[in-house]
Amino acid sequence: MAGKRNKTIITCAVTGAIHTPTMSDALPYTYDAIAEQAIEAAEAGASILHLHARNNETGAPSVDPADFAPFLPRIKQATDAVINISTGGSLTLSIQDRIRPAATFSAEMCSMNMGSMNFSFHPLAKRYDNWKFDWERDYVANSDGNIFRNTFKDIREAAETLAPHNIKFEHECYDVGHLYNLKFCMDTGLFKAPIFIQFVMGILGGIGADIDNLVFMKKTADKLFGDDYRWSILAAGNAQIPMATTASQMGGNVRVGLEDSLFIARGELARSNAEQVAKIRRIVEELGCDVATPEEAREILDLKGGDRVAF
Ligand code: KMH
Ligand code: ZN
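Residues numbered from 1 in each chain as written. Chains lettered and ligands numbered in written order. Predicted model: local features only at pLDDT ≥ 70, side-chain atom pairs only at ≥ 80, totals over all residues. Heavy atoms only, no water.

S.K.: How should I be thinking about the overall build of the protein in this particular structure?
M.R.: Helix and strand counts for the protein stand at 13 helices and 14 strands. Radius of gyration (C-alpha) of the protein: 18 Å, near the 19 Å computed for a compact globule of 311 residues. Dimensions of the protein along its principal axes, counting C-alpha atoms only, are 60 × 40 × 40 Å. Burial analysis of the protein (311 residues in total) assigns 58% to the buried set. Roughly 12,600 Å² of accessible area belongs to the protein as shown, and the carbon and sulfur atoms make up 49% of that amount. Looking at the protein, you have 31 positive and 40 negative side-chain charges, and the mean spots of the two groups are 4 Å apart. (Helix = DSSP H or I, 4+ residues; strand = E, 2+ residues; numbered from the N terminus. Rg over C-alpha atoms; globule rule 2.2 N^0.38 Å. Buried < 20%, exposed > 50% of the residue type's maximum accessible area, 1.4 Å probe, protein only. Areas by Shrake-Rupley, 256 points an atom, 1.4 Å probe, with all protein chains shown as cover. Lys, Arg positive; Asp, Glu negative; His and termini not counted. Charge placed at Lys NZ, Arg CZ, Asp CG, Glu CD.)

S.K.: Can you walk me through the site of ligand 1 in this structure?
M.R.: The full set close to ligand 1 counts 16 residues, and His19, Ser86, Ser111, Glu259 and Asp260 are the nearest of them. Between an oxygen atom of ligand 1 and a side-chain N or O atom of serine 86, the distance comes to 2.7 Å. Its residues assigned to classes, the shell around ligand 1 comprises five nonpolar, seven polar and four charged. (Near = heavy atom within 4 Å. Polar contact = N/O pair within 3.5 Å; in protein donor to acceptor, adjacent residues only side chain to side chain. Nonpolar A, V, L, I, M, F, W, Y, C, P; charged D, E, K, R; others polar.)

S.K.: For this particular structure, what's the right way to read unusual backbone geometry?
M.R.: A negative phi angle characterises most non-glycine residues, just as the trans form characterises most peptide bonds. The step from alanine 193 to proline 194 runs through a cis peptide bond, and the omega angle for that step is -5°. Tracing the backbone through its elements, the reader meets proline 194 in the loop between helix H9 (176-187) and strand S9 (195-201). In this structure, asparagine 166 is a non-glycine residue whose phi angle is positive, near 55°. Counting through the fold element by element, asparagine 166 comes out in the loop between helix H8 (152-162) and strand S8 (168-173). Unlike most non-glycine residues, aspartate 302 shows phi in positive territory, near 55°. With respect to the helices and strands, the residue aspartate 302 is situated in the segment after helix H13 (294-301). Residue class for aspartate 302 comes out partly exposed when judged on its relative accessible area of 46%.

S.K.: Explain the packing of helix H1 (residues 31-44) against helix H12 (residues 273-286) here, please?
M.R.: The description of two helices packed together rests on the angle between their axes and the distance between the axes. Where H1 meets H12, the closest approach of the two axes is 8 Å, and the angle between their N-to-C directions is 15°. Accordingly, the angle class assigned to the pair H1 and H12 is roughly parallel. Crossing angle aside, the handedness with which H1 passes H12 is right-handed. Contact residues: Gln37, Glu40, Ala41 and Ala44 in H1; Asn273, Ala274, Val277, Ala278 and Arg281 in H12. Residue composition of the contact of H1 with H12, grouped by class: five nonpolar, two polar and two charged. (Axes fitted to C-alpha atoms, helices over the stretch in contact; angles between N-to-C directions. Parallel < 35°, antiparallel > 145°, perpendicular 65-115°, else oblique. Left-handed = near helix turned anticlockwise from the far one by under 90°. Contact = heavy atoms within 4.5 Å.)

S.K.: When you look at the packing of aromatic side chains in this model, what are you seeing that I'm missing?
M.R.: Here the distance between the centres and the angle between the planes together describe a pair of aromatic rings. All chains considered together, the criterion is met by 14 aromatic pairs. Aromatic pair phenylalanine 121 and tyrosine 139: ring centres 5.8 Å apart, planes at 40°, arrangement tilted. In this pair, phenylalanine 121 sits in the loop between strand S7 (109-113) and helix H6 (123-127) while tyrosine 139 sits in helix H7 (residues 134-141), placing the two residues 18 residues apart along the sequence. Both residues of the pair, phenylalanine 121 and tyrosine 139, belong to the buried class. A centroid spacing of 5.6 Å and a plane angle of 75° characterise the contact between tryptophan 135 and tyrosine 139, whose relative ring orientation is edge-to-face. Placement of the pair is tryptophan 135 and tyrosine 139 together in helix H7, with a separation of four residues, close to one helical turn. Classification of tyrosine 139 as buried rests on a relative accessible area of 14%. Put simply, the rings of Tyr29, Phe119, Phe121, Phe133, Trp135, Tyr139, Phe148 and Tyr174 touch in pairs and so form one group of aromatic residues. (Phe/Tyr/Trp six-rings, centres within 6.5 Å; stacked < 30°, edge-to-face > 60°.)

S.K.: Hey, could you run me through the sheet that holds strand S11 (residues 253-256) in this one?
M.R.: Within a sheet, adjacent strands bond to each other through the backbone by hydrogen bonds, running parallel or antiparallel. Taken in spatial order, the eight strands of this closed barrel run S2-S3-S6-S7-S8-S9-S10-S11, and their pairing is parallel. The mean inter-strand angle of the sheet, taken between neighbouring strand axes irrespective of direction, is 25°. As paired elements, S8 and S9 share four bridges and run parallel to each other. Looking at S9, one finds that glutamate 170 is bridged to phenylalanine 196. Packed onto the sheet, H8 meets S7 and S8 and runs at close to 165° relative to S7. (Pairing = 2+ DSSP bridges.)

S.K.: Help me understand the side chain of arginine 54, please; the structure alone is not making it clear to me.
M.R.: As for its position among the elements, arginine 54 is in strand S4 (residues 53-54). For the buried arginine 54, which has no salt bridge, the nearest side chain bearing the opposite charge is glutamate 136, at an N-O separation of 4.1 Å. Within the local environment of arginine 54, its side chain forms a polar contact with the backbone oxygen of threonine 20, the two atoms lying 3.2 Å apart. (Salt bridge = Lys/Arg side-chain N within 4 Å of Asp/Glu carboxyl O.)

S.K.: Which parts of the structure should I look at to understand the nonpolar core?
M.R.: A general feature of soluble globular proteins is that nonpolar side chains tend to end up buried together. Ranked by size, the top nonpolar core spans 70 residues in total, and within it Leu49, Leu51, Phe191, Ile197 and Phe225 carry the most contacts. By size, the runner-up hydrophobic cluster in this structure holds 23 residues, among which are Leu27, Phe119, Trp131 and Ile203. (Core = buried A, V, L, I, M, F, W, Y, C linked by side-chain atoms within 4.5 Å.)

Below is the structure:
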């Protein structure tokens with residue numbers, strides 16, 4: 001008798017804002033391009049779409065709900081995918097501003113960054129010269145001096161403001177200490193099981209992307225949360241697909257998308273988000289798992305449902 005195959009949830013982080021300057025023409029930043037690439041990514045097998053917005057004139061990361069409004073309903077009408085709105089926004093914005101889009105649209109899911117860190121990508125400033133927007137060079141170069149602020153107070157305020165919306169959080173944990181922060185918050189009643197943890201690996205300022213570290217993150221999460229959590233991995237840059245492959249074999253879910261890596265293979269730019277989704281889908285299925293549908297993802301993560309959002 002055939003054994004039951006594991007269901008793997010694919011999240012696609014469609015557009016870059018915090019740490020992904022427009023270094024590839026494939027990276028969508030206009031309303032139309034975000035909608036089109038999000039829909040294609042869902043058709044390719046992503047059951048969750050993690051979305052940021054940009055100001056269409058300046059290209060700058062935006063947390064203005066008016067910059068989400070043009071694409072959210074289009075994506076909802078064309079797909080059944082779960083829409084997950086970023087609360088990361090940009091390194092320089094307050095948590096109150098950053099949670100506004102998720103609250104305004106009462107999203108099914110949103111990100112929740114689980115600690116403060118020097119989230120840095122300043123080395124890119126030396127390696128790249130052909131910036132699409134004026135602000136990008138300084139934003140990138142100055143990231144070595146920026147704190148991505150997510151204090152316990154910020155996390156509590158965000159969780160309490162968003163609580164009436166029954167939003168499931170994608171808890172972005174960039175290092176082992178962030179798992180302990182999350183455990184503290186759970187013990188104080190801020191989040192309810194099953195929580196969904198995104199192990200974020202390979203961001204300068206956080207834990208490196210390698211298998212020993214993944215095992216350590218997973219064992220620590222097992223110890224802290226037992227059966228009360230589901231997990232996924234996001235590895236930045238060239239580590240994206242290799243680490244997602246490993247995680248899927250460990251029973252984890254995976255996140256791909258141009259927000260986290262502009263590449264489809266070492267040194268080769270991806271043509272679209274859907275290309276990355278299709279690649280990880282192929283790998284996951286060939287290695288013996290099934291890709292979760294949006295409905296299955298909703299059941300696994302205990303989500304409120306796509307009909308309970310405000311867009
Ligand atoms: N791209 C990730 C490393 C957020 O949107 O809240 C960071 C991120 C944060 O996704
Ligand atoms: Zn994001």
